[in-house]
Amino acid sequence: MTSLLDEALESWGFARQGVLNELENLEEIDVRFRPRPESRNVGDLVRHILESGAMMSGELSREGGDFRRQSYDAFMREYRRGVASRKTRSQLLAALRKMHRDVAKKIDKAGELHMLQHIRRFDGKLGTRLAWMQHGIGHEEYHRGQLALYARMIGKTPALTQQIEGTD
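A quick note: this is a predicted structure, and the numbers were derived from the prediction, not measured.

Novice: Break down the pattern of salt bridges for me, with residues and values.
Specialist: Scanning the entire structure with this criterion turns up 16 salt bridges. Glu24 serves as the salt-bridge partner of Arg97, at 2.4 Å between the closest nitrogen and oxygen. Separated by 73 residues along the polypeptide, Arg97 in helix α4 (residues 89-110) and Glu24 in helix α1 (residues 4-24) bring together distant segments of the chain. Judged by relative accessible area, Glu24 falls into the partly exposed class, the value being 32%. Note that Arg34 is salt-bridged to Asp44, the shortest N-O span being 3.6 Å. Of this pair, Arg34 sits in the loop between α1 and α2 (42-61) while Asp44 sits in helix α2, placing them 10 residues apart in sequence. A residue is classified by how much of its surface remains accessible, and Arg34, at 34% relative accessible area, is partly exposed. Asp44 gets classed as partly exposed once you look at its relative accessible area, which sits at 25%.

Below, the structure written as structure tokens:
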């Protein structure tokens, strides 16, 4: 690693790989699993990860990025293009891989100096883009945990547990 940005991109890559591993651990039928009627199913959760990652990278990399420049719903309309059509496990896996490659390049191209500049967060406060990127990584890890819990609920051992136990 040569910079703080390189470290952050590596961290996000690790989080994204964890999401991929958890989804790969599930079967096609599991994409529709929903623990409660009001909960997201696996596919909904992965689509949310895709949309959130696109929004995070889009705002962080753009000149004049601002998480308060429009409503959350407007952000989702702007950044969810093509996500809703991803329904199958293989489509979701491919989209997770491609989106991460594309947006990581976009953030890397914006550069470390850009990422050390302030952006207005959802709460209206200013923070560095790099710090807010860490928030986005934490958000992705949160949902990775949900995927692991869903795996447990359908009788599977989560991918991370398998990796730690050496049974993957």
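Novice: Let's hear about the environment of Val19: which residues, and what values?
Specialist: Position of Val19 among the secondary structure elements: in helix α1. Distance in space between the C-alpha atoms of Val19 and Ala159 is 9.2 Å, their sequence separation being 140 residues. Setting aside anything within four residues of it in sequence, one finds Val19 in contact with Ile49, Leu96, Glu140, Arg144 and Leu147.

Analysis parameters
- Residues numbered from 1 in each chain as written.
- Predicted model: local features only at pLDDT ≥ 70, side-chain atom pairs only at ≥ 80, totals over all residues.
- Heavy atoms only, no water.
- Salt bridge = Lys/Arg side-chain N within 4 Å of Asp/Glu carboxyl O.
- Helix = DSSP H or I, 4+ residues; strand = E, 2+ residues; numbered from the N terminus.
- Buried < 20%, exposed > 50% of the residue type's maximum accessible area, 1.4 Å probe, protein only.
- Contact = heavy atoms within 4.5 Å.

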